[in-house]
Amino acid sequence: MEEILKLEHIQKFYGNQGNLTKAINDISFSVNTGEFVGIMGASGSGKTTLLNCISTIDTVSAGHIYLDGTDVTEIKEKELARFRRENLGFVFQDFNLLDTLTISENIALALTINKVPQERIAGKVREIAESLNITDILDKYPYQVSGGQKQRCACARAIINRPKLILADEPTGALDSHSAQMLLSTMQSINEQLGATILMVTHDAFSASYANRILFLRDGMIFTEILKGGDSRKAFFEKILDVLTMLGGGQNDVC
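Residues numbered from 1 in each chain as written. Predicted model: local features only at pLDDT ≥ 70, side-chain atom pairs only at ≥ 80, totals over all residues. Heavy atoms only, no water.

**Structural notes on the sheet that holds strand E5 (residues 70–71)**
Our working definition: Strands are treated as partners if at least two bridges between them are detected by DSSP. Under the scheme used here, helices are H or I runs from DSSP no shorter than 4 residues and strands are E runs no shorter than 2 residues, and both carry numbers assigned from the N terminus. Between two residues, a contact is recorded if the distance between any of their heavy atoms is within 4.5 Å. For every element, the axis is a line fit to its C-alpha atoms; helices are fit only across the contacting stretch, and the angle between N-to-C directions ranges from 0 to 180 degrees.
Ordered by their spatial adjacency, 4 strands build an open sheet running E2-E1-E4-E5, and the pairing between neighbours is antiparallel. Each of the sheet's edge strands pairs with one partner strand only, and the pair in question is strand E2 (19–32) and E5. Of the pairings in the sheet, the one linking strand E4 (residues 62–67) to E5 comprises 2 bridges and is antiparallel in character. Counted as the bridge partner of tyrosine 66 is aspartate 71 from E5. Contacts from helix H1 (residues 47–54) reach strand E1 (3–16), E2 and E4, with the element oriented near 65 degrees to E2.

Written out as structure tokens, the structure reads:
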């Protein structure tokens, strides 16, 4: 498989010499095209900081991040917004939808910003909405639909430009168990059927069990990783719980 994301000796510091915090301590790993990778770790382990570095929201203190061969750490600040728009898709815990736009308009926003011709937008929105089973809510506003439907809209917005990498930050955090399961099944379908590459931060072992590989962080470093391989999702879930126990607590202690 082709390598799409590569991190080389990433470090991230906060503060100054008198009060220096090392949030990320020499992390290196790669992600292949079409992988669904989860990142887990206790609060303060560095997982959200790592996601922010990959998304260029935070600058790294040392090391290099390559996305499809481009050194992200060398991109000039004035070009970062364009880089994110053209290469990354985002799914957030709190949806980040605009309440004044319909579901259809929220999904189309990414296309409009990227200056896709207007005559192509409606067809692309409907196509992606059909794949996520939300065509019946396209004309509604975010406040008129459920949390699960909002998050599927957010997924549609994230993938409609066919980004090279989708970054999901606790995507099930604001959902009930039924909506969370539906969303995770949707993300799994996006990965398997559309070939989307997904990197997901989660504190929840059940959510993580939908991924194909899990990286566990502790104190800003990679503690270990596990692969799903040919295991069932139930067996993979049990493996995740075993690692969380080694990290020093059950899944309720990991956030």
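Back to the write-up after that little detour.
**A closer look at the packing of aromatic side chains**
The line we're drawing: Aromatic contacts are taken between Phe, Tyr and Trp rings whose centres are within 6.5 Å, Trp giving its six-membered ring; a plane angle under 30 degrees counts as stacked, one over 60 as edge-to-face, and the others as tilted. Exposed residues in this analysis have more than 50% of their type's maximum accessible area, buried residues have under 20%, and partly exposed residues fall in between, with area computed by a 1.4 Å probe over protein chains only.
What the rule picks out here adds up to 3 aromatic pairs. Taking 5.6 Å as the distance between ring centres and 75 degrees as the angle between the ring planes, the aromatic pair formed by phenylalanine 206 and tyrosine 210 counts as edge-to-face. Judged by relative accessible area, which is 27%, phenylalanine 206 ranks as partly exposed. Owing to a relative accessible area of 3%, tyrosine 210 belongs among the buried residues under this scheme.

**Description of unusual backbone geometry**
The phi torsion at phenylalanine 95 lies on the positive side, around 75 degrees, for a residue other than glycine. You can see phenylalanine 95 is positioned in the loop between strand E6 (88–92) and helix H3 (103–113). In this structure, asparagine 133 takes a positive phi of about 60 degrees despite not being glycine. Along the chain, asparagine 133 turns up in the loop between helix H4 (118–131) and helix H5 (147–159). For asparagine 133, a relative accessible area of 58% puts it in the exposed group.

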